[in-house]
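Descriptive analysis of the structure
Below, each chain spelled out in residue letters.
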Amino acid sequence: MVERSIAWLTRNKARRVPYRGVAANQLWLTNRAAAVNLLRLANLGVTCTNGAFTL
């Protein structure tokens, strides 16, 4: 499962970091990982019922 997660992060020309400096690239990677996780939850069919999220 680790390899699959890394593959999700590196698809769509995201193999190299786009910025110079550690702080900017760390922020970029954090946002990229959050976006991948949100897309994954959406594809799994997450729903909100009474303020609680369920799959």
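Worth saying up front: this structure is predicted, and the values here are computed from it rather than measured.

1. Regarding the overall build of the protein
On a plain count of helices and strands, the protein comes out with two helices and two strands. For the protein, whose C-alpha radius of gyration is 14 Å, the value lies well above the compact-globule estimate of 10 Å for 55 residues. Overall, the C-alpha framework of the protein stretches about 45 × 20 × 15 Å when taken along its three principal axes. Roughly 5000 Å² of accessible area belongs to the protein as shown, and the carbon and sulfur atoms make up 59% of that amount.

2. Thoughts on the environment of Asn-37
Structurally, Asn-37 is set in helix H2 (residues 22-44). The class of Asn-37 is partly exposed, set by a relative accessible area of 49%. For Asn-37 and Ser-5, which are 32 residues apart along the polypeptide, the C-alpha to C-alpha distance reads 9.5 Å.

3. Points about the environment of Ala-7
With respect to the element layout, Ala-7 can be found in helix H1 (residues 2-10). Judged by relative accessible area, Ala-7 falls into the partly exposed class, the value being 40%.

4. Some points on a nonpolar patch on the surface
On the surface, a nonpolar cluster with roughly 630 Å² of combined accessible area is contributed by Leu-38, Leu-41, Leu-44, Val-46, Phe-53 and Leu-55. Tallying contributions element by element places H2 first for the nonpolar patch, with three residues. We classify Leu-38 as exposed; its relative accessible area is 59%.

Conventions we followed
- Residues numbered from 1 in each chain as written.
- Predicted model: local features only at pLDDT ≥ 70, side-chain atom pairs only at ≥ 80, totals over all residues.
- Heavy atoms only, no water.
- Helix = DSSP H or I, 4+ residues; strand = E, 2+ residues; numbered from the N terminus.
- Rg over C-alpha atoms; globule rule 2.2 N^0.38 Å.
- Areas by Shrake-Rupley, 256 points an atom, 1.4 Å probe, with all protein chains shown as cover.
- Buried < 20%, exposed > 50% of the residue type's maximum accessible area, 1.4 Å probe, protein only.
- Patch = residues over 30% accessible without salt bridge, like charges linked within 9 Å, V, L, I, M, F, W, Y side chains within 5 Å.
- Salt bridge = Lys/Arg side-chain N within 4 Å of Asp/Glu carboxyl O.

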